[in-house]
Amino acid sequence: QVLLVESGGGLVQAGGSLRLSCAASGSIFSIITMGWYRQAPGKQRELVASITSGSSTNYADSVEGRFTISRGNAKNWVFLQMNSLKPEDTAVYYCHARDSRVDEYWGQGTQVTVSS
C-alpha cells in the first residue's frame, strides 16, 4: 500500500506560479511511476504530467513548457512546478502513483484556482 499526501495548492492570479508537492509513504520501493492529474468542474480527470523511476517525463500538451514535474532525491516526493498559470488550469490536482503490480494510488487532491 502507498499513501499519497499533497500540499501547495491555492489561489493565484493569471501569469503566476505555484508549486505542488506530494509525499509518498508505505511501500514506496514498489512505485514505478508518479504523476499529477487534475479535474475541473464538469470535466473528466486528465493527466497533467508523469515521471517514471528512471526520470522519464510526460506532459499534457496544454501544460508543456509551463509545468515541470520532478522527484526528490529520496524518490518518495514528487513536485509540480506550475508557471504562467492560466484560468483554465483551475482544477483539483491529484497526486497519482502506480506500482510494479500496476496498482494505482491517489492523493486526496488539492485545489488550484487561477483568477483572471
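Each remark here, short or long, concerns the structure printed above.
Scoring rules and cut-offs
Residues numbered from 1 in each chain as written. Predicted model: local features only at pLDDT ≥ 70, side-chain atom pairs only at ≥ 80, totals over all residues. Heavy atoms only, no water. Pairing = 2+ DSSP bridges. Helix = DSSP H or I, 4+ residues; strand = E, 2+ residues; numbered from the N terminus. Axes fitted to C-alpha atoms, helices over the stretch in contact; angles between N-to-C directions. Buried < 20%, exposed > 50% of the residue type's maximum accessible area, 1.4 Å probe, protein only. Contact = heavy atoms within 4.5 Å. Core = buried A, V, L, I, M, F, W, Y, C linked by side-chain atoms within 4.5 Å. Disulfide = S-S within 2.5 Å. Phe/Tyr/Trp six-rings, centres within 6.5 Å; stacked < 30°, edge-to-face > 60°. Lys NZ or Arg CZ within 6 Å of the ring centre and 35° of its normal.

### Details of the sheet that holds strand E1 (residues 2–7)
In space, the four strands of this open sheet follow the order E1-E3-E8-E7, with antiparallel pairing throughout. The strands lining the two open edges of the sheet, one partner per strand, are E1 and strand E7 (67–71). Ignoring which end each strand starts from, the neighbouring axes of this sheet average 15° apart. Pairing between strand E3 (residues 18–26) and strand E8 (residues 77–82): six bridges, direction antiparallel. Bridging from a neighbouring strand, leucine 18 pairs with methionine 82 of E8.

### Considering the pairing of E8
Two elements, E7 and E8, share five bridges in a ladder whose sense is antiparallel. In the sheet register, phenylalanine 67 faces E8, and the bridge partner there is methionine 82. Remark: five residues form the turn of the hairpin made by E7 and E8, two consecutive strands paired antiparallel; lysine 75 in that turn has positive phi of roughly 65°.

### Observations regarding the environment of glycine 35
Summarising the element assignment, glycine 35 is placed in strand E4 (residues 31–39). On the accessibility criterion, glycine 35 (1% relative accessible area) is buried. For the pair glycine 35 and cysteine 22, spaced 13 residues apart in sequence, the C-alpha to C-alpha distance is 9.2 Å. Aside from chain neighbours lying at most four places away, what touches glycine 35 is Ala49, Ser50, Ile69, Tyr94, Cys95 and His96.

### Brief notes about the nonpolar core
The biggest cluster of nonpolar side chains holds 30 residues, and the ones touching the most others in it are Leu4, Met34, Trp36, Leu80, Met82 and Tyr93. Elements represented by at least two residues in this core include exactly E1, E3, E4, strand E5 (46–52), E7, E8, strand E9 (91–99) and strand E11 (110–115). Setting aside chain neighbours within four positions, we find tyrosine 93 in contact with Glu6, Leu20, Trp36, Tyr37, Arg38, Val48, Phe67, Leu80, Met82, Gly109, Thr110 and Val112.

### Re the state of the cysteines
Here a disulfide denotes one covalent bond, and it connects the sulfur atoms of two cysteines. According to the stated counting rule, one finds one disulfide in the structure shown. Covalently, cysteine 22 is tied to cysteine 95 through a disulfide, its sulfur atoms 2.1 Å apart. In this structure, the disulfide formed by cysteine 22 and cysteine 95 twists by about -85° around the S-S bond and is classed as left-handed. Placement of cysteine 22 in strand E3 and of cysteine 95 in strand E9 is noted, with a sequence separation of 73 residues between them.

### A short note on the packing of aromatic side chains
Enumeration according to the criterion identifies two aromatic pairs in this entry. With a centroid separation of 5.0 Å and an interplanar angle of 70°, the aromatic rings of tyrosine 37 and tryptophan 106 are classed as edge-to-face. Separated by 69 residues along the polypeptide, tyrosine 37 in strand E4 and tryptophan 106 in strand E10 (residues 104–106) bring together distant segments of the chain. On the basis of relative accessibility, which here comes to 36%, the residue tryptophan 106 falls in the partly exposed class. On the basis of an interplanar angle of 10° and a centroid distance of 5.9 Å, the ring pair of tryptophan 77 and phenylalanine 79 is categorised as stacked. Of note, arginine 19 hangs over the ring of phenylalanine 79, and the distance from its end group to the ring centre comes to 4.1 Å. Cation over ring: arginine 45 sits above tryptophan 106, and NZ or CZ is 4.6 Å from the ring centre.

The values are spatial; any link to function lies outside them.
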